[in-house]
Amino acid sequence: MKRQQVLDLYFLEARAKLLDLGAFLDRVERASGPEDFRLAAFCKALAELSQGGADKAKRVLLAFSDPTREPIPAPTTKSACGAFDPQPSTLNPQP
Amino acid sequence: MRYIEPHAHMVSRVTDDYRAMLASGCAAVCEPAFWAGFDRSSADGFYDYFCQLTEHEPKRAARFGLPHFCWLCINPKEAEDVTLAEEVLALIPKFLDRPTVLGIGEIGLNKNSRNELKVLEMHVDLAARHNQLILVHTPHLEDKLKGTLLIIDALKNDRRINPGRVIIDHVEEHTVEHVLNAGFWAGMTLYPESKCTSARAIDIVETYGNERLWMNSACDWGVSVPLAVPYTALEMRKRGHGAAAIDKLILQNPLRFLSQSAKFLLRVES
């Protein structure tokens, strides 16, 4: 597809998602509470969007990923929370 | 448009979904064994589930003229209890000769634990001993990359396993290359909130090609869309993909992989 065709198809959808991201970050900033590893990972992933290259989706996924390679001794929850927690003791168990 | 839904948990869906799938061109549906949303209390629960997958569900689908196939296993979410897993694995050979059983799946990892990996290796051994196809689930979100690499290692470590007879499902942009480069098939799961959206799945096809790739809805009891495959086909058409390219991805590719099981007897109208 030509660039204009891509924009014709996806620009408004992407614009709406970008606006949602801005509103989400505003919401987080208005809220009180301690630091959270998920927000740190989110900001790291967000920074990937302003970098060059045609593999931004991949780099966003890598920013959230567990970088370790060994199996864990035992799980503390069945669910994933979306971001790797470098200090698992801070993890809030998910349903 | 005709398509194969190669991964759908129809026991969690209503009958109207069967009708909608058929009306959208579905030619066959394949159902891997899955987590019920709660842990089953004993191997007996799995026995009943395997009967449901091999007896009741094919009959329900047949009411709409839709061929229904299945895969059997204890899923990774219940694989932490190795003793339970051993009991469930002992049940599976009794079901493998049933006419709609395609292989072992969806096995894999959930939280990438040692016990999950042990149970994965037990399943791989079972598949190898019975010459079965394998369908693999990869973990969610932050656990996916690590889990996918552990799974590839486990499969490669068993010399009896032919990668061309294994599909590794739920790939995304950071795992698809690992899977394809290791010679396996790759599945893209179309979910509204996680895994792949339609647009990203088509991006992956445009980036990595359409060989050894399929798309599925993996519709289950959670947020999912049973018609995600035909909806994605429509989006491919909007992006200028021709009828032959769409047909290859949603019909011919799954047909090619699944026909490695002699049971996948499907008459696809030309």
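The following paragraphs examine the structure supplied in this document. (Residues numbered from 1 in each chain as written. Chains lettered and ligands numbered in written order. Predicted model: local features only at pLDDT ≥ 70, side-chain atom pairs only at ≥ 80, totals over all residues.)

**Looking at the overall build of chain A**
Within chain A one finds three helices and zero strands. Each helix and strand of chain A, ordered N terminal to C terminal, gives the series α-α-α. Compactness check: chain A gives a C-alpha radius of gyration of 17 Å against a globular reference of 12 Å for 95 residues, more than 25% above the reference. Seen through its C-alpha atoms, chain A measures out along the principal axes to roughly 50 × 35 × 25 Å. A buried classification covers 9% of the 95 residues belonging to chain A. (Helix = DSSP H or I, 4+ residues; strand = E, 2+ residues; numbered from the N terminus. Rg over C-alpha atoms; globule rule 2.2 N^0.38 Å. Buried ≥ 20, exposed ≤ 12 C-beta atoms within 10 Å, placed from the backbone.)

**With respect to the overall build of chain B**
Across its full length, chain B holds nine helices and eight strands. Since a compact globule built from 270 residues should have a radius of gyration of about 18 Å, the 17 Å found for chain B is in line with a globular shape. If one aligns the C-alpha atoms of chain B with their principal axes, the spans along those axes are about 50 × 40 × 35 Å. The 270 residues of chain B split such that 51% are buried. Looking at chain B alone, contacts between residues at least 24 apart form 73% of all its contacts between residues at least 6 apart. (Contact = placed C-beta atoms within 7 Å.)

**What to know about the interface of chain B and chain A**
Chain B puts 25 residues into the contact, and the matching count from chain A is 22 residues. Of all the secondary structure elements, the ones that give two or more residues to the side of chain B that touches chain A are α4 (114–129), α5 (144–157) and α7 (198–208) of chain B. Element by element, the count of residues in the side of chain B that touches chain A is highest for α5(B), at four residues. A breakdown of the residues in the side of chain B that touches chain A according to their chemical character gives seven nonpolar, six polar and twelve charged. (Nonpolar A, V, L, I, M, F, W, Y, C, P; charged D, E, K, R; others polar.)

**Observations regarding the nonpolar core**
In this structure, Leu72(B), Ile134(B), Ile151(B) and Ile168(B) are the most contacted members of the largest nonpolar core, which totals 83 residues. When residues of this core are assigned to their parent elements, the largest contribution, seven residues, is made by helix α9 (residues 243–258) of chain B. Beyond its immediate sequence surroundings of up to four residues, Leu72(B) is in contact with Ala33(B), Phe50(B), Leu53(B), Ile92(B), Phe95(B), Val101(B) and Ile104(B). Of all hydrophobic cores here, the second largest spans six residues; its members include Ala41(A), Phe42(A), Phe64(A) and Phe84(A). (Core = buried A, V, L, I, M, F, W, Y, C linked by C-beta atoms within 7 Å.)

**Focus on the environment of Arg256(B)**
Residue and element names in this part refer to chain B. Within the secondary structure, Arg256 is located in helix α9. For Arg256, a count of 15 C-beta atoms within 10 Å corresponds to the partly exposed category. Separated by 204 residues in the primary sequence, Arg256 and Gln52 place their C-alpha atoms 27 Å from one another.

**Details of unusual backbone geometry**
All names here are of chain B. Between Gly105 and the following residue, Glu106, the backbone shows a cis peptide bond with an omega angle of -5°. Its location among the elements puts Glu106 in strand β4 (residues 101–108). We note that Asn112 has phi near 65°; this positive angle belongs to a residue other than glycine. Structurally, Asn112 is set in the loop between β4 and α4. One non-glycine residue with positive phi stands out, namely Asn131, at about 50°.

**Observations regarding helix α2 (residues 43–62) of chain B**
Since there are 3.6 residues in each turn of an α-helix, residues three or four apart along the chain are aligned in direction. A rise of 1.5 Å per residue sets the reference length of α2(B), with its 20 residues, at 28 Å; its end C-alpha atoms lie 28 Å apart and thus fit the reference within 8%. Inspection of α2(B) places Phe46(B), Phe50(B), Leu53(B), Thr54(B), Glu57(B), Pro58(B) and Ala61(B) among the buried residues, and these make up the whole buried set. (Expected span 1.5 Å × (residues − 1).)

**Observations concerning the environment of Pro139(B)**
Residues and elements named next belong to chain B. You can see Pro139 is positioned in the loop between β5 (133–137) and α5. C-beta crowding within 10 Å serves as the criterion here: with 24 such atoms nearby, Pro139 is assigned to the buried category. The sequence separation of Pro139 and Leu109 amounts to 30 residues, and the corresponding C-alpha distance is 5.8 Å.

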